[in-house]
Amino acid sequence: MARHFSQEQLRVRPSSKEEAVVASAREHFERTLVRVRGEVVGSVAALEHPNKSDAANYGEVFLRDNVPVMLYLLVQGRFEIVRNFLTVCLDLQSSTYQTRGVFPTSFVEQNGELIADYGQRSIGRISSVDASLWWPVLCWLYVQHSRDEEFGSSQKVQRGVQLLLDLVLHPTFEGTPVLFVPDCSFMIDRPMDVWGAPLEVEVLLFGCLRSCCQLMELAQKNSMSRLLDQRLVLTRQWLHDLRSFLLKHYWVTSKTMQVLRRRPTEQYGDQQHENEFNVQPQVVPPWLQDWLENRGGYLIGNMRTGRPDFRFYSLGNSLGCLFGLLTAPQQRALFRLVLHNRQHLMAQMPMRICHPPMEVEEWAEKTGSDPKNWPWSYHNGGHWPSLLWYLGGAILLHEQKHPSADVLLMGQMKAMLEECYWSQLNQLPRQQWAEYFDGPTGTWVGQQARTYQTWTIVGFLLLHHILRVNPDDVALLDLHASGRQG
Ligand code: GLC
């Protein structure tokens, strides 16, 4: 495949219809908002899907799908809806013995009653870990942006934070700072061999703990509590250990790979461990060499004894930048890698969720022949327009925080982002704002894709907002902002 697409191939011609597209996207977005107990609380996952009358759950309010929705509402100053959303989720935080503290994957109001899914209603009956980890992040961003400190330090929120922390801050058999989860427990919610410590969950855990600390600090201002002080010390320590762990075991560059491949294996006992996970050099995939090039770097998908997952996951890597898990030079190494592998990651519909896809045999074995995740489709190498704003936000936030760092690279990144934006603008309205796209170039609408998918629509609007309407608002995505936004 040619490395560089021509303008025509990339479908990036600026469109004179920009304003009209944005206006109609805004209209669609307003239609996604739903009421619960009479108040607007968030968006349904999709406006339309092939079997609207069946029991598919795209008519529900998914916590993860509402992440861009809530951020978009925040930049518009529609704080009340965000607060309603956070409150409903908090009311639905599980209080039953075996799932105490867990937030629901999704909820819906039926006949005046709120029904939540903690996994017991989903295909495969897996609960989403990411929903619980996102809640404190959204809550902190809301408090930071709206200055509603009263909500942040309220007993209700603080209790929710403590219940959630109970799920994380406890001894485990592994004795590591990562959270162990089953396959399908995050955005990738169908089998993809992503059990163990998948990147997205661990980076979200980092963002979650960081946000919990900020929320607890709010409460600390108003009350003297030794228990809270101890909780803060423990959470900060956990956060520190988690970051060191991820940077040590997940971050790879061409340089680190050369060391890794020549490490000793089969090390027992107390001797200095150079290869804690006993990774054999044979498991390092050959495609990694060109992928990393000289100066690229990224966080690998998973680390498990003997079986690291070298696949590239767009969301976990973008969040690694946004949450400040990666250092500024590491973020630029990641940007170089994205630029170098643009034909894969962006292709015609930015951006690919996971690279490379598993081919037929591996797919059959590792996913149990999952019908949606066949090669080049859905989570297995599919393209999700909703993922672009995360990377776009990471690039623009980096530029805002480090305006004079590697101006050439950042110029190229911004040009790429601009072209990706045009690609979406030119294609999405025609493709009815589909959920995902199939094939190596991402040209075909996903075989089972829903149309008028909310996070496709709102992801585009959010990117439009930080590119065109108010670039300063990218600071909203900064979990660690020192100054408050107005
Ligand atoms: C699919 C996606 C999941 C999303 C849901 C609703 O199940 O895999 O990430 O939350 O659809 O859009």
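Description of the structure in this document. Since the model is a prediction, treat every value here as computed from it, not as a measurement.

**Considering the overall build of the protein chain**
- The secondary structure content of the protein chain amounts to 18 helices and 13 strands.
- Computed over C-alpha atoms, the radius of gyration of the protein chain comes to 22 Å, within 12% of the 23 Å expected from 2.2 N^0.38 for 486 residues, which places it in the range of a compact globule.
- When its C-alpha atoms are laid out on the principal axes, the protein chain stretches across 60 × 60 × 50 Å.
- Buried positions account for 60% of the 486 residues belonging to the protein chain.
- A separation threshold of at least 6 residues defines the contact pool for the protein chain, and within that pool the share at least 24 residues apart is 72%.
- A total accessible area of about 20,600 Å² is found for the protein chain, and carbon and sulfur atoms account for 51% of it.
- Positive and negative side-chain charges in the protein chain, numbering 46 and 50 respectively, have mean positions lying 3 Å apart.

**A short note on the layout of surface pockets**
- In this model, the second largest pocket occupies a volume close to 490 Å³.
- Val129, Leu167, Leu179, Phe180 and Val181 are the residues nearest the centre of the second largest pocket, which is lined by 24 residues in total.
- Tallied by class, the residues present in the lining of the second largest pocket amount to 15 nonpolar, eight polar and one charged.

**With respect to the site of the ligand**
- All residues in the neighbourhood of the ligand are listed as Ala45, Tyr58, Phe62, Arg64, Asp65, Met187, Asp189, Tyr378, His379, Glu435, Gln453 and Trp455.
- At 2.5 Å, a side-chain N or O of Asp65 approaches an oxygen atom of the ligand.
- Here an oxygen atom of the ligand and a side-chain polar atom of Asp189 are 2.7 Å apart.
- Here the ligand, which alone exposes 310 Å², has 95% of that area covered by the protein.
- When the residues that make up the shell around the ligand are grouped by side-chain class, the tally is six nonpolar, two polar and four charged.

**With respect to the pairing of strand β5 (residues 106-110)**
- Note that strand β4 (residues 61-62) and β5 share two bridges and pair antiparallel. Opposite Val61, over in β5, you have Phe107 as the bridge partner.
- In this antiparallel pair of consecutive strands, β5 and strand β6 (residues 113-117), the connection spans two residues, and Asn111 shows a positive phi of 50 degrees.

**Points about empty space enclosed by the protein**
- Applying the stated criterion across every chain yields a total of four cavities of 30 Å³ or more.
- Of the volumes computed, that of the largest cavity is approximately 70 Å³.
- Lining the largest cavity are Val67, Leu71, Trp134, Val137, Leu141, Leu319, Leu322, Phe323, Trp389, Tyr390, Leu477 and Leu479.
- The element contributing the most residues to the lining of the largest cavity is helix α5 (residues 129-146), with three residues.
- Class assignment for the residues of the lining of the largest cavity results in 12 nonpolar, no polar and no charged.

**Thoughts on the nonpolar core**
- Formed by 160 residues in total, the largest nonpolar core has its most connected members in Phe107, Tyr298 and Phe323.
- In terms of residue count, helix α8 (residues 199-222) provides more of this core than any other element does, 14 residues in total.

**A closer look at the packing of aromatic side chains**
- With the rule as written, the count across this model stands at 18 aromatic pairs.
- Relative to Phe323, the ring of Trp134 has its centre 6.1 Å away and its plane inclined at 75 degrees; by these criteria the two rings are edge-to-face. Linking Trp134 in helix α5 with Phe323 in the loop between α12 (314-322) and α13 (328-340), this pair joins segments that are 189 residues apart in sequence. As far as the burial class goes, Trp134 and Phe323 line up, both buried.
- Members of the aromatic cluster, each reached through a chain of ring pairs, are Trp287, Trp291, Tyr298 and Phe312.
- Over the face of the ring belonging to Trp195 we find Arg304, whose NZ or CZ atom lies 4.1 Å from the ring centre.

**Things to note about α12**
- Within α12, nine of the nine residues are buried, leaving the element largely enclosed by the surrounding structure.
- Of the residues making up α12, those classed as buried are Ser314, Leu315, Gly316, Asn317, Ser318, Leu319, Gly320, Cys321 and Leu322.
- Immediately beyond the C-terminal end of α12, within one or two residues, lies Gly324, with a positive phi of roughly 75 degrees.

**Remarks on the pattern of salt bridges**
- Tallied over the full model, the rule gives 20 salt bridges.
- Between Lys366 and Asp193 there is a salt bridge, with its nearest N and O atoms 3.9 Å apart. Pair noted here: Lys366 is in helix α15 (residues 360-367) and Asp193 is in the loop between α7 (155-168) and α8, with a separation of 173 residues, a long-range link.
- For Asp193, a relative accessible area of 9% translates into the label buried.
- Taking the relative accessible area as the measure of exposure, Lys366 reaches 26% and is therefore partly exposed.
- Three or more residues joined by partner-sharing salt bridges are found here, namely Asp193, Arg304, Glu362 and Lys366.

**Considering unusual backbone geometry**
- Of note, the amide linkage connecting Pro350 to Met351 takes the cis form, showing an omega dihedral of 5 degrees.
- The topology assignment puts Met351 in the loop between α14 (342-345) and β10 (354-355).
- Residues other than glycine seldom take positive phi values, yet Asn278 does so here, at roughly 45 degrees.
- Classification of Asn278 as partly exposed rests on a relative accessible area of 24%.
- For Trp376, which is not glycine, the phi torsion reads 70 degrees and is therefore positive.
- The class of Trp376 is partly exposed, set by a relative accessible area of 27%.

Thresholds applied
- The numbering scheme is per chain: residues are counted from 1 as the chain's sequence reads.
- The model is predicted, so local features are restricted to residues of pLDDT at least 70 and side-chain atom pairs to those at 80 or more, both for listing and for counting; the totals for chains, interfaces and linings are taken over all residues.
- Heavy atoms throughout the structure, all of them, feed into the side-chain values; hydrogens and water do not.
- The helix count covers DSSP runs of H or I at least four residues long, the strand count covers runs of E at least two residues long, and both are numbered beginning at the N terminus.
- All radius of gyration figures rest on C-alpha atoms, and the globule criterion is 2.2 Å times the number of residues raised to 0.38.
- Exposure classes here rest on a 1.4 Å probe applied to the protein chains alone. A residue is buried below 20% of its type maximum, exposed above 50%, and partly exposed in between.
- The contact criterion used throughout is that any non-hydrogen atoms of two residues lie within 4.5 Å.
- Using the Shrake-Rupley algorithm and a 1.4 Å probe, accessible areas are obtained, with residue cover drawn only from the displayed protein chains.
- Positive charge is attributed to Lys and Arg, negative charge to Asp and Glu, and no charge count is given to His or to the chain ends.
- Throughout, a charge is located at the NZ atom of Lys, the CZ atom of Arg, the CG atom of Asp or the CD atom of Glu.
- Buriedness for pockets is judged along seven lines, at least five of which must meet protein on both sides within 12 Å for an open set on the 1 Å grid over protein atoms alone, while cavities are sets there where a 1.4 Å probe fits but cannot get out, and lining residues have an atom within 4 Å of a point.
- Grid points are joined across faces, edges and corners, and a volume is the space filled by probe spheres set on the points.
- Residue classes follow a fixed rule: Ala, Val, Leu, Ile, Met, Phe, Trp, Tyr, Cys and Pro count as nonpolar, while Asp, Glu, Lys and Arg count as charged, and any other residue, Gly among them, counts as polar.
- Throughout this document, a residue counts as near a molecule or strand when at least one of its heavy atoms sits within 4 Å of that molecule or strand.
- In the analysis that follows, any N or O atom pair within 3.5 Å is treated as a polar contact, provided that within protein one partner can donate a hydrogen and the other can accept it, and provided that, for residues neighboring in sequence, both atoms belong to side chains.
- For two strands to count as paired, DSSP must find a minimum of two bridges between them.
- What is meant by a nonpolar core is a set of buried Ala, Val, Leu, Ile, Met, Phe, Trp, Tyr and Cys residues, joined one to another through side-chain atoms within 4.5 Å.
- The criterion for an aromatic pair is that two Phe, Tyr or Trp rings (for Trp, the six-membered ring) have centres within 6.5 Å, with stacked assigned to planes under 30 degrees apart, edge-to-face to planes over 60 apart and tilted to the rest.
- We count a charge as sitting over a ring when the NZ of a lysine or the CZ of an arginine lies within 6 Å of the ring centre and within 35 degrees of the ring normal.
- In what follows, salt bridge is the name for a side-chain nitrogen of Lys or Arg lying within 4 Å of a carboxyl oxygen of Asp or Glu.

Honestly, that's just the spatial picture; any functional story needs more than this.
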